[in-house]
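Survey of secondary and tertiary structure
Read off the chains here:
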Amino acid sequence: MDNTGYTPEEPIAAIATSLAPAALGIIRASGKNCIELVSKIFSRPKALLEAAGNTIVYGWITDGENKIDEVLVSVFRGPKSFTGEDLVEISCHGGVSVVTAVYNLLLKNGFRQAQKGEYTFRAYINGKADLTKAEAIREVIESRTDSGRSRATGRLAGSLFEEISRIKKLIIDTLAAIEVEIEYPEDEETIADSFNTADLEKAAADLQALSDSWKSEKLFQDGARIVLCGKTNAGKSSLFNCLLKEDRAIVSDIEGTTRDWIESWVSIDGIPARLFDTAGLRETDDIVEQKGVEMTRDLSTDADVILYLADSTVPLNMEDLEFLKGRKEPVIFVWNKTDKLDESGCKTVPALNEEQKALIPSLAGEVALSARNSHGVMDLICVTKKVLSARTDTSRCQAGLGSARQKQAVEEALECVKHSLVAAADNYTLDAVVQDLEDCLDFLGEITGEVTPEDVLDSIFSHFCVGK
């Protein structure tokens, strides 16, 4: 949002729910005199004006003599509201025409349209939320799995703020000890034996743990890229539909049915992933299919995991593995169609031999399954999650970073602490250490919003939706 010349408390309004047919729609209004302004278009103005905070008033939204809709108005009086100022939420019927009519009536009666993220911005400037909680709100809204939502909710509940506050206390306590030494030196004003560096070492370790947490948090926010590859008629589209639990891709026994790639989001036991179904790998004179094969190769180079499918009823030769030679991306080899093994005369599930494994340096696992009846699919999900988890720590931690901005600030703070420890070891003057630690506190303050440049605020809140 644009913070230039911003006027706090100015009455604002926004549609807070999706503008689509629904049972209910909510229009949110906040700012100075917002309750009085809404009362002018409410059938029971006296009841609304006298309503206590955290109560609901029944009535009608009216435009002069015309009734617009039967509504419930939730009243929140500042500072006990989301924004920290007077706020009302009008719950009306969810038709697009009804919601739009109520919203436009508010704009005609003293409100202006809210900017993206303006409600959360007001919560921030009014001390109702620090920046870690503000950013967590957007994370909760955009989360794709329960695990991702749980991690974001932890930050919304204050886990990251509390961890930053705890680290800051270690720095502040150390600064206090140094200031005492500066004011009352026993000998020369040097760092030697003047304070215990244990708190700084603890702060450095905790900051390093926070920095490392970003890799896994980013995975839960952005998701992994999983590409289904393999020869034609290996069952890629069947597995794609099976993992999605819906029929998205066309399935046929005819080779070359899939000529383009399609994608969809899927949960790999809590880890969000973009799953790509691609064209079968084979030599063909069909120009369209050739383009599809080329796109398969391009997609696979950006994959976090490649699921390479092979028909378990058909003998595998070295040429079938040409696509996987020299691959750096983790490869899980999937033997599909195990339900047809008896029909083909095979009694056991095939497996890669040592020579074949040698051609796949990035082989991360081997799974046998039937996409047709879902047998073995959970094994594939477990192996895939294990491969993704091996690249980062996906275990639940007490606090983790929620944005690249936070990670950068933590790394800057960590560098300051490390430099102060070097100063302690090299017997620098106390003033040099004080400067490092004060810089560290500034970087930590940027994370929570105590010290924040205006352009950072603009970047954070511009990514919110209108109404939040």
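Up top is the structure these notes are about.
Residue positions are counted from 1 within each chain, in the order its sequence is given. Selection of residues for local features in this predicted model requires a pLDDT of at least 70, selection of side-chain atom pairs for listing and counting requires 80 or more, and totals for whole chains, interfaces and linings are taken over all residues. Derived side-chain values reflect all non-hydrogen atoms in the structure, with water molecules and hydrogen atoms excluded from consideration.

So, on to the overall build of the protein. Secondary structure elements follow DSSP: runs of H or I no shorter than four residues count as helices, runs of E no shorter than two count as strands, and numbering proceeds from the N terminus. When helices and strands are counted, the protein shows 16 helices and 12 strands. Counting over 468 residues, the protein shows a buried share of 48%. For this analysis, residues touch if any pair of their heavy atoms sits within 4.5 Å. Restricting to contacts in the protein with at least 6 residues of sequence separation, those with at least 24 account for 69%. Areas reported as accessible are Shrake-Rupley estimates using a 1.4 Å probe. Residue values count occlusion only from the protein chains shown. Taken as a whole, the protein presents about 22,600 Å² of accessible surface, with 50% of it coming from carbon and sulfur. Each residue is assigned to one of three classes by its accessible area relative to the maximum for its type, calculated with a 1.4 Å probe on protein chains only: buried under 20%, partly exposed between the two thresholds, exposed over 50%.

Take helix α3 (residues 96-108) next. Expected helix span is given by 1.5 Å per residue-to-residue step, counting one fewer step than there are residues. End to end, α3 covers 18 Å across 13 residues, agreeing with the expected 18 Å (1.5 Å per residue, within 8%). Those residues of α3 that sit buried are V99, V102, Y103, L105 and L106. An end-on view of α3 places all buried positions within 155° of arc, on one side of the element. In α3, the exposed positions that point more than 90 degrees away from the buried face belong to S97 and K108. G110 sits one or two positions beyond α3 and adopts a positive phi of about 105°. Along the arc lie the directions from the helix axis toward the C-beta atoms.

So, on to the sheet that holds strand β6 (residues 112-113). Strand order in the open sheet formed by 6 strands is β3-β4-β5-β2-β1-β6, and the pairing between neighbours is mixed. Because the sheet does not close on itself, it has two edges, and the strands there are β3 (55-63) and β6. Every axis corresponds to a line fitted to the C-alpha atoms, with the helix fit spanning only the stretch in contact, and the corresponding angles, defined between N-to-C directions, vary from 0 to 180 degrees. α3 rests against β1 (12-15), β2 (22-30), β3, β4 (66-76), β5 (87-94) and β6 of the sheet, and its axis sits at about 150° to β5. Lying over the sheet, helix α4 (residues 118-125) contacts β1, β2, β5 and β6, oriented at roughly 135° with respect to β1. A pair of strands is labelled paired if DSSP reports no fewer than 2 bridges between them.

Moving on: the environment of V38. Looking at the secondary structure, you find V38 in helix α1 (residues 34-39). Separated by 11 residues in sequence, V38 and L49 have C-alpha atoms that sit 9.2 Å apart.

The next subject is helix α15 (residues 430-448). Its 19 residues place the ends of α15 28 Å apart at the C-alpha level, agreeing with the 27 Å of an ideal helix rising 1.5 Å per residue. Within the span of α15, buried status applies to L430, V433, V434, D436, L437, C440, L441, L444, G445, I447 and T448. Positioned one or two residues after α15, G449 has a phi angle of 105°, which is positive.

Where strands meet in a sheet, backbone hydrogen bonds hold them as pairs that are either parallel or antiparallel. Across the sheet, 6 strands lie side by side as β8-β9-β7-β10-β11-β12; this open sheet has mixed pairing. Of all the strands in the sheet, the pair left with one neighbour each is β8 (262-268) and β12 (363-368). If you compare each strand with its neighbour and ignore which way they point, the axes differ by 25° on average. Sheet topology places strand β10 (residues 305-311) next to strand β11 (residues 331-336); 6 bridges connect them, and they run parallel. Residue pairing in the sheet places A310 in a bridge with W335 of β11. Here helix α9 (residues 236-244) sits on the sheet and contacts β7 (224-230), β8, β9 (271-277) and β10; the angle it forms with β9, its principal contact strand, is near 155°.

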